[in-house]
Amino acid sequence: AANLYTVFGDAHLLDFVNAPLGKGRPVDRPLLPLIAVPTTAGTGSECTGAAIFDLTEKNAKTGIADRALKPTLGIIDPLNTRSMPKQVRLASGLDVLCHAIESYTAIPYNLRGEAPANPLLRPAYQGANPISDIWSFKALQMVVDALPRSVADEDDLEAHEAMTLAAAYAGIGFGNGGVHLMHGCSYGISGLNRAYYHPQYPTDHPLCPHGISVAVTSPAVAEFTGAMYPERHLAVARAMGADVTNAKMDDAGAILGDALRRFLRRLDVPDGISAFGYSSADIGPLVESILPQHRVLKLSPRQTGAEQIAWILERSLKNY
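Since we're looking at a predicted model, the values are computed, not measured.

Can you walk me through the pairing of strand E3 (residues 60-65) in this structure?
For a regular strand, side-chain orientation follows a simple rule: the groups alternate between the two sheet faces. Along E3, 5 of the 6 residues are buried, which leaves the element largely enclosed by surrounding structure. Where strand E2 (residues 50-55) lies against E3, 6 bridges are found, and the strand directions are antiparallel. Its bridge partner being in E3, Phe 53 is matched across the sheet by Thr 62. Hairpin remark: E2 followed by E3, antiparallel, with 4 residues in the connecting loop; positive phi at Asn 59, about 55°.

Help me out: how do you make sense of the environment of Pro 123 in this one?
Structurally, Pro 123 is set in the loop between helix H2 (86-105) and helix H3 (130-152). Take Pro 123: its relative accessible area is 34%, and that puts it in the partly exposed class. Taking the C-alpha atoms as reference, Pro 123 lies 7.8 Å from Ala 65; in sequence the two are 58 residues apart. The contacts of Pro 123, once residues within four sequence positions are left out, are Arg 67 and Arg 112.

Just checking my understanding: could you explain the pattern of salt bridges for this structure?
Should their charged atoms come close, side chains of opposite charge can pair. Considering all chains together, one arrives at 11 salt bridges under this definition. With a shortest N-O distance of 3.3 Å, Arg 82 and Asp 155 are connected by a salt bridge. Of this pair, Arg 82 sits in the loop between strand E4 (73-74) and H2 while Asp 155 sits in the loop between H3 and helix H4 (157-176); the two residues are 73 residues apart in sequence, bridging distant segments of the chain. With its nearest N and O atoms 2.9 Å apart, the salt bridge here joins Arg 149 to Glu 158. Among the residues examined, Arg 149 registers a relative accessible area of 27% and is labelled partly exposed.

Explain the nonpolar core here, please?
Most often, soluble globular proteins keep nonpolar side chains buried together rather than apart. One finds Leu 94, Leu 97, Leu 140, Met 240, Ile 273, Phe 276 and Leu 313 to be the most contacted residues of the largest nonpolar core, which totals 70 residues. It is H2 that contributes the most residues to this core, 10 residues altogether. Apart from residues no more than four positions distant in its own chain, Leu 94 is found in contact with Leu 147, Gly 211, Ile 212, Ala 215, Leu 264, Leu 267 and Val 269. Core analysis: the second largest hydrophobic core is formed by 15 residues, Leu 4, Val 17, Leu 31 and Ala 51 among them.

Is there a simple way to explain a nonpolar patch on the surface in this structure?
A contiguous nonpolar surface patch, about 350 Å² in accessible area, is contributed by Ile 35, Val 37, Leu 73 and Ile 75. Looking at where Val 37 falls in the secondary structure, it is placed in the loop between strand E1 (35-36) and E2.

Where do I start with the state of the cysteines in this structure?
One way to say it: the disulfide is the covalent bond shared by the sulfur atoms of two cysteines. Tallied over the entire structure, the rule returns 0 disulfides. Looking at Cys 208, it has no disulfide partner, and the nearest cysteine sulfur is the one in Cys 98, 12 Å off. By relative accessible area, which is 5% here, Cys 208 ends up buried.

Rules used in this analysis
- Residues numbered from 1 in each chain as written.
- Predicted model: local features only at pLDDT ≥ 70, side-chain atom pairs only at ≥ 80, totals over all residues.
- Heavy atoms only, no water.
- Buried < 20%, exposed > 50% of the residue type's maximum accessible area, 1.4 Å probe, protein only.
- Helix = DSSP H or I, 4+ residues; strand = E, 2+ residues; numbered from the N terminus.
- Pairing = 2+ DSSP bridges.
- Contact = heavy atoms within 4.5 Å.
- Salt bridge = Lys/Arg side-chain N within 4 Å of Asp/Glu carboxyl O.
- Core = buried A, V, L, I, M, F, W, Y, C linked by side-chain atoms within 4.5 Å.
- Patch = residues over 30% accessible without salt bridge, like charges linked within 9 Å, V, L, I, M, F, W, Y side chains within 5 Å.
- Areas by Shrake-Rupley, 256 points an atom, 1.4 Å probe, with all protein chains shown as cover.
- Disulfide = S-S within 2.5 Å.

Below, the structure is given as structure tokens:
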């Protein structure tokens, strides 16, 4: 973002921010060379064209997404992640998990509708496609094995290295294919948080780490999207250790949802959005905060509006 507004010095902040919160202006000239050196194993931002931030006046997380923002070079060294506290390893790693699952289960690229007349207006996220599938699914397999080990042992260098690679792999995957409802819901959950402080994070303001806010709705999202492309949901569930030998396609969402709950519980992830102080009375404001996230909601494999988001949030009040 600093690179972008250095080059476009006269632009207003909202000019490039994703519509409808901003104007969604395309980046129509090259930016300065950018070298990205990740110090966490999560966002994969050294491989993506997304810059995410809190837009406090709207009580929402949003961002800028344009392929022109992709770094010139990423230098990925697991030694740069050694100082992450346990909870940062957990939260950033869960972001990788959801990047991989969402990109793999997003609406296919060839079902997005007609492309814009101006190529500059093509979205940064294209939908699931044969290229993103390879990177996302490999990242998923790596995370399932490495994240529990990385969280459990700060000296497990092999696990830390696997997580830095998985973050980059998932970054390539979702940076091309895109994310959908887990991330879409997370922006409202973290943006409206007023009372929750996560362990080992700064205490000067309430904060629900991004990876945590994404993961807590993942079981319900899987249950919601499972009817679309159930074979993909079963493939993810199998990668997460579920026995799908005799599974029915109609049960794909429930099977993956249960696999995610087991994985999150094993890592001691907070028990749903009620752990952040939300109740059924907060569903309405949360939905209103989430609905403007068109950039990601449009990638859902299943048509999604206020009613569907409310269902996901209600199902996510408690996970265990």
